[in-house]
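Listed below, chain by chain, are the residues.
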Amino acid sequence: MIEVQNVTRYFGRVMAVNDVSFEVAKGEILGFLGPNAAGKTTTMRVLTTYLPATKGTAKVAGFDVHDQSMEVRKRIGYLPENPPLYQEMRVRDYLDFVAKIKQVEPKNRKKAVDEALGKTGTTNVGNRVIKTLSKGYKQRVGLAQALVHNPDVLILDEPTVGLDPKQIIEVRELIKSLAGNHTIILSTHILPEVSMTCERVVIIDKGKVVAEDSPDNLTKKLSGSMRFKVVVDAPRDQVEEKLRSLPGVKKVTPANAPGNKKLSTLLVEGQGKEEIRPVLVKSIIENGWNLYELTPEGMSLEDVFLHLTTKEEEPVQ
Amino acid sequence: MRKFLAIYNREVKSYFSSPIAYIIIGLFLLITGVFYYLIVTSFVQYCMRADMQAQYYRMAPPKLNVNVMAIRNLFQNMSLFMSFFLPMITMRLYSDEKKTGTIELLMTSPITNLQSILGKFSAAVTLFLAMLAFTSVYMILLFIYGNPELGPVLTGYLGLFLLGSSYIAFGVFFSTLTDNQIIAAASTFVFILFFWAIGWVSAMVSPGLGHVLSSFSLIEHFEDFAKGVLDTKHIVYYLSFITMGLFLSFVSIESSRWRGR
């Protein structure tokens, strides 16, 4: 549905996007992940025909974004970072206007507007002036605007920014329910969002694609070793020293939760795939300490992300 | 056409659902009203004085022409006030879209830049026509209490319309250049003044150059309309001025995509 091939974009001498290529299949939700200023928005703007690429090509639904931009525009719904709202208009009038310029047939327009309002839960504010809406509602009207002409492809730039936790869940559910009929690209720097909504992730940093896979695979691939959180009721230094001396333990990092002075929390990392839990427990009991918690800590997507987007050297132990 | 109308309707609605239209029309009528009053009273006083002089010298009272002495004067004043007021109408057209990000909606929708430029231009012209329509009250009063000629009044209005549309076309252009409305309005205003002043400079330079300069002047071409002369060369001048403004707007929007600003 979407093909991006070697897209490069300069702003003057600054390279914003560097040779980015990826594909999105029909009905798929693709997460576009990266720190701020990584080139997410620029890539999306190239896809939406807002910006031409300096080099490379992109196709949406088989149409080139540069040579057949009008065909592409008919087939995409785009929610930019700041929802493009005319503040002085009423929600319903605004969506009606968008439906008009998106070439919705006059006889279907009212139905299209009603559907978009219903899907995004904004029917009750339909007659309000956009200026008076809360940030959350504005974001949802922005989403309604992207949906109103029922496009094949949805391009959403940070769609959950500014929403409260309940609304965030609702919007994610909405996005998930749209997959299948629509192909969706979703950019974000909130990691749980990607693991919750997307089937595939493209991680981009400094304009380059640094990884592309499913969220699960990415986490698996990059977490080479097993990590555990250990909570013990003994002085931290003693526990740390003891655990570090055990066979199979590669690294012990103190991670005390603040406010609790009696218990020490540590992160223990094993070498390779070796099971270290029995050794840990045995050693703790033998020392006469009480074990309060032992939980496996898989490398979260957050860690993967940091791992891929920061070039810091591992501290030498 | 439908998409042009969508843009046009939205812009017109946005003018009239905010105080902008009412304040600009109101202020324009206030200032032209003051000048109308001053011009007409001084014309009446002049007539009375001329009448008295004629009686004193036992001569027939002179025929004083209201078209030449009052209406032409009023048109010239209106053409000046328009250069203050019209940039205020056009300044928001693209600047505001750039500032709030709605330009991204327009430029990722299946409408061409030409449709959006023409829609916005026509909306501003519509507001301008509403402004002009209210000033017809002044003329109607003159027709009730005097006997001016209709011809020069009509050509005067046609001239004002063409002149104002030229201001608007370049107002659209300057608003495509910046996301700041004040900058857009100020540069439009200075641009208009520049094309006025060209006419005055032409009197001070060599005749050849002076002729060239004065044919560029926005106001030189208006003089004939105010006098009641309808000349195609002036109409062509204004139409090409408008086309130039709209064309530059088009180029500016297209190039801003490439520059990414």
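This is a predicted model, so every value here is computed, not measured.

Considerations on the nonpolar core
Membership of the largest hydrophobic core comes to 121 residues, with the highest contact counts inside it found for Tyr94 of chain A together with Leu218 of chain B. Dropping the residues within four chain positions of it, leucine 218 of chain B is found in contact with Leu163, Ser166, Tyr167, Ile192, Phe195, Trp196, Tyr237, Tyr238 and Phe241 of chain B. Judged by nonpolar contacts, the second largest core, of 24 residues, contains Leu33, Leu79, Val194 and Leu218 of chain A.

Brief notes about the side chain of aspartate 64 of chain A
Residue and element names in this part refer to chain A. Within the secondary structure, aspartate 64 sits in strand E5 (residues 63-64). A polar contact is formed between the side chain of aspartate 64 and the backbone nitrogen of histidine 66, at a distance of 2.7 Å. The residues contacting aspartate 64, other than those within four sequence positions of it, are Thr57, Ala58, Lys59, Ser69 and Val72.

Quick word on the confidence of the model for chain A
Mean pLDDT for chain A: 83, with 88% of residues reaching 70 or above. Long-range and interchain partners of residues 312-317 of chain A, a stretch whose pLDDT sits below 50, account for three contacts in this model, where long-range means more than four residues apart.

Some points on the pattern of salt bridges
Counting across every chain of the model gives 20 salt bridges over all chains. Its salt-bridge partner being lysine 74 of chain A, residue glutamate 71 of chain A comes within 3.3 Å of it at the nearest N-O pair. Here the residue glutamate 71 of chain A and the residue lysine 74 of chain A both occupy positions in helix H2 (residues 69-75), the gap between them amounting to three residues, near one helical turn. In this structure lysine 74 of chain A comes out as partly exposed when scored by relative accessible area, which is 34%. Between glutamate 293 of chain A and lysine 229 of chain A there is a salt bridge, with its nearest N and O atoms 3.6 Å apart. Residue glutamate 293 of chain A is found in strand E14 (residues 291-296), and its partner lysine 229 of chain A is found in strand E11 (residues 227-232); the two are separated by 64 residues along the sequence. Through salt bridges that share partners, Glu88 of chain A together with Arg10, Glu11, Arg92, Glu97 and Lys120 of chain B make up one connected network.

Description of the interface of chain A and chain B
Contacts between the two partners involve 32 residues from chain A, matched on the other side by 26 residues from chain B. Of all residues in chain A, Tyr50, Tyr86 and Ile101 of chain A bury the most surface against chain B, accounting for 25% of the area lost on that side. On the surface where chain A and chain B come into contact, there are two salt bridges. The partner of arginine 45 of chain A in a salt bridge is glutamate 104 of chain B, and the shortest N-O contact between them spans 2.7 Å. Connecting chain A to chain B are 12 residue pairs in polar contact (both at pLDDT 80 or more). Put simply, the parts of the chain that give the side of chain A that touches chain B at least two residues each are strand E1 (2-11), H2, strand E6 (76-79) and helix H3 (91-101) of chain A. Among the elements that line the side of chain A that touches chain B, the one with the most residues is H3 of chain A, at six residues. Partitioning the side of chain A that touches chain B into residue classes produces 19 nonpolar, five polar and eight charged.

Digging into the environment of leucine 38 of chain B
Residue and element names in this part refer to chain B. Following the sequence through the fold, leucine 38 ends up in helix H2 (residues 19-56). Owing to a relative accessible area of 46%, leucine 38 belongs among the partly exposed residues under this scheme. The sequence separation of leucine 38 and leucine 74 amounts to 36 residues, and the corresponding C-alpha distance is 9.8 Å.

Notes on helix H4 (residues 106-119) of chain A
All names here are of chain A. Its 14 residues place the ends of H4 20 Å apart at the C-alpha level, agreeing with the 20 Å of an ideal helix rising 1.5 Å per residue. Every buried residue of H4 is listed here: Arg109, Ala112, Val113, Ala116 and Leu117. Projected down its long axis, H4 shows its buried positions confined to an angular sector of 130°, all on one face. Exposed residues pointing more than 90 degrees away from the buried face of H4 are listed as Lys107, Lys110 and Lys111.

The rules behind the values
- Residues numbered from 1 in each chain as written.
- Chains lettered and ligands numbered in written order.
- Predicted model: local features only at pLDDT ≥ 70, side-chain atom pairs only at ≥ 80, totals over all residues.
- Heavy atoms only, no water.
- Core = buried A, V, L, I, M, F, W, Y, C linked by side-chain atoms within 4.5 Å.
- Buried < 20%, exposed > 50% of the residue type's maximum accessible area, 1.4 Å probe, protein only.
- Contact = heavy atoms within 4.5 Å.
- Helix = DSSP H or I, 4+ residues; strand = E, 2+ residues; numbered from the N terminus.
- Polar contact = N/O pair within 3.5 Å; in protein donor to acceptor, adjacent residues only side chain to side chain.
- pLDDT = per-residue confidence, 0-100.
- Salt bridge = Lys/Arg side-chain N within 4 Å of Asp/Glu carboxyl O.
- Buried area = accessible area lost by both parts, 1.4 Å probe.
- Nonpolar A, V, L, I, M, F, W, Y, C, P; charged D, E, K, R; others polar.
- Expected span 1.5 Å × (residues − 1).
- Arc of directions from axis to C-beta.

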